[in-house]
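A look at the structure
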Amino acid sequence: MTPVDLDYQQLLDASLDAARRTAGAGKVADYIPALAREDPDAFGMALASVEGEVYGVGDWQRPFSVQSISKLFTLTLVMARGGYDVWQRVGREPSGNPFNSLVQLETEHGIPRNPFINAGAIVMTDHLHSLTDGQAAETVRAFLRAEAGNPSLGTDPEVAASEAEHGHRNAALAHFIASHGNLVNPVETVLSEYYAHCAIEASCEDLARVGLVLARHGLRADGSRLLSRSEAKRINAILLTCGTYDAAGEFAYRVGLPGKSGVGGGILAVLPGRAAICAWSPGLDPAGNSVAAVAALDAFTTLSGLSVF
Ligand code: GLN
């Protein structure tokens, strides 16, 4: 199939078939009890094209917990506000460790490896909070509402509370970072903003529409410029190398697109210049990435020949 005769709907239907073949393979994230009630084999997928068309299969309009997909938006919004000094506080290298790991922070003096592991996202949230006069989570929500064209999009307070109640590991990360002087705002404030943006509910359609900002090399839905072309390229690069944690190599191998996963089961992937695709299914692999969403994206890029490689 050459790019000119691509039929996105047909590709999504074939991706759904690939996802269905993984039924029973993934495990729902139960360390956040409010997420544990999801059906591991539920599935949805949406593609938004830069031409403005949206295609979907399965539960593509059903909201789910975006979780770490929100880390893409905190980074984007910090860059959009010129917060480049954050790169003195967070690295840009893959960690090769689980998303919630503490080990590197000790030897690397409280500087997280990248913005997409929990430690790095906590610092990004802190930075965004300072850049927005104490409105980190609300800035992320407002951005998502505007780009998705969905004013009802918001945080699920029950999921945010569940994360806070069971958030010993994130609290440990935040206190350790603070002990190295790498948090500006109080630990409790930063964690509560971090949980509030992780607990945003959005559908595959919403997220695919938001992801178009990166597919359009930094242009927003209203045509205004949020990021320079170079900033959009850099964010896509970090997505490719770090967006799926210690499985980023395997994700690049199978899917070949910049992508960000979350433990709610969503993965948002970018086809620069062409489209954004979001797949969702709550059953996760041991690295915390959705088994069916990876299989669906793998099928999509393999059948279409569309990838960044
Ligand atoms: N809110 C989750 C956490 O802090 C996000 C993790 C994820 O989606 N990988 O553990």
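Note: the structure precedes this text.
Residues numbered from 1 in each chain as written. Predicted model: local features only at pLDDT ≥ 70, side-chain atom pairs only at ≥ 80, totals over all residues. Heavy atoms only, no water.

Broken down by element type, the protein carries 12 helices and eight strands. Viewed in the frame of its principal axes, the protein has a C-alpha envelope of about 55 × 40 × 35 Å. Every one of the 309 residues in the protein was classed for burial, and the buried ones make up 59%. Within the protein, contacts between residues at least 6 apart in sequence are counted, and of these 70% link residues at least 24 apart. As displayed, the protein has an accessible area near 11,800 Å², and 51% of this comes from carbon and sulfur atoms. If the 23 positive side-chain charges of the protein are averaged to one point and the 34 negative ones to another, these points end up 5 Å apart. (Helix = DSSP H or I, 4+ residues; strand = E, 2+ residues; numbered from the N terminus. Buried < 20%, exposed > 50% of the residue type's maximum accessible area, 1.4 Å probe, protein only. Contact = heavy atoms within 4.5 Å. Areas by Shrake-Rupley, 256 points an atom, 1.4 Å probe, with all protein chains shown as cover. Lys, Arg positive; Asp, Glu negative; His and termini not counted. Charge placed at Lys NZ, Arg CZ, Asp CG, Glu CD.)

Bringing the pairing of strand β7 (residues 266-271) into the picture now. Across the six residues of β7, six count as buried, placing the element largely inside the fold. Neither face of β7 is exposed, since G266, L268 and V270 on one face and I267, A269 and L271 on the opposite face are all buried. Taking the residues between adjacent antiparallel strands as the criterion, strand β6 (residues 259-261) and β7 are bridged by four residues, where G265 takes a positive phi near 105°. In this sheet, strand β8 (residues 275-280) lies alongside β7 in antiparallel orientation, the contact comprising six bridges. Residue pairing in the sheet places L268 in a bridge with C278 of β8. Hairpin remark: β7 followed by β8, antiparallel, with three residues in the connecting loop; positive phi at G273, about 80°. (Pairing = 2+ DSSP bridges.)

Residues in close proximity to the ligand include Y31, Q67, S68, F99, N118, E163, N170, Y194, C198, Y245, G262 and V263, which together make up its full environment. The contact in question runs from an oxygen atom of the ligand to an N or O atom on the side chain of N170, over 2.8 Å. V263 places a polar main-chain atom, nitrogen or oxygen, 2.8 Å from an oxygen atom of the ligand. Taken by itself the ligand offers 300 Å² of open surface, and the protein chains cover 99% of this. (Near = heavy atom within 4 Å. Polar contact = N/O pair within 3.5 Å; in protein donor to acceptor, adjacent residues only side chain to side chain.)

Quick look at the packing of aromatic side chains now. Each aromatic ring pair is summarised here by two numbers: the centre-to-centre distance and the angle between the ring planes. One pass over the full model with this rule turns up six aromatic pairs. Taking the centre distance of 6.3 Å and the plane angle of 40° together, the rings of Y31 and F99 count as tilted. Of this pair, Y31 sits in the loop between α1 (8-20) and β1 (44-49) while F99 is found in the loop between α2 (70-80) and α3 (103-107), placing the two residues 68 residues apart along the sequence. Take Y31: its relative accessible area is 39%, and that puts it in the partly exposed class. Among the aromatic residues, those joined into a ring-pair cluster are Y31, F99 and Y245. Just above the ring of W87 sits the side chain of R92; from NZ or CZ to the centre is 4.9 Å. (Phe/Tyr/Trp six-rings, centres within 6.5 Å; stacked < 30°, edge-to-face > 60°. Lys NZ or Arg CZ within 6 Å of the ring centre and 35° of its normal.)

Across the sheet, which stays open at both edges, the three strands sit in the order β3-β5-β4 with antiparallel pairing between neighbours. Both outer strands of the open sheet, β3 (64-65) and β4 (154-155), are each paired with one neighbouring strand and no more. Note that β3 and strand β5 (residues 200-202) share two bridges and pair antiparallel. Considered in β5, the bridge of S65 is made with E201.

Within soluble globular proteins, side chains that are nonpolar generally end up buried alongside one another. F73, I122, L144 and L207 are the most contacted members of the largest nonpolar core, which has 72 residues in total. Top contributing element to this core by residue count: helix α9 (residues 204-215), with eight residues. Core analysis: the next-biggest nonpolar cluster, separate from the first, contains 26 residues, F43, V57, L271 and A275 among them. (Core = buried A, V, L, I, M, F, W, Y, C linked by side-chain atoms within 4.5 Å.)

Relative to the 20 Å expected for 14 residues at 1.5 Å per residue, helix α10 (residues 229-242) spans 20 Å between its end C-alpha atoms, a close match to the ideal helical length. Among the residues of α10, those classed as buried are E231, A232, I235, N236, I238, L239, L240 and C242. Packing partners of the buried residues in α10 comprise α2, α9, α11 (248-254), β6 and β7. (Expected span 1.5 Å × (residues − 1).)

Next up on the list: the environment of D85. Mapped onto the elements of the fold, D85 is located in the loop between α2 and α3. Residue class for D85 comes out partly exposed when judged on its relative accessible area of 44%. Once the C-alpha coordinates of D85 and H127 are considered, the two residues, 42 residues apart in sequence, prove to be 9.2 Å apart. At 3.2 Å, the side chain of D85 and the side chain of H127 are in polar contact.

The N-to-C vectors of helix α4 (residues 118-131) and helix α7 (residues 168-179) enclose an angle of 60°; their axes lie 10 Å apart at closest approach. As summarised for this structure, α4 and α7 are arranged oblique, according to the angle between their axes. In the crossing of α4 with α7, the sense of the turn from one axis to the other is right-handed. Here N118, A119, I122 and V123 of α4 come into contact with α7, specifically with N170, L173, A174 and I177. For the contact of α4 with α7, a count of residues per class yields six nonpolar, two polar and no charged. (Axes fitted to C-alpha atoms, helices over the stretch in contact; angles between N-to-C directions. Parallel < 35°, antiparallel > 145°, perpendicular 65-115°, else oblique. Left-handed = near helix turned anticlockwise from the far one by under 90°. Nonpolar A, V, L, I, M, F, W, Y, C, P; charged D, E, K, R; others polar.)

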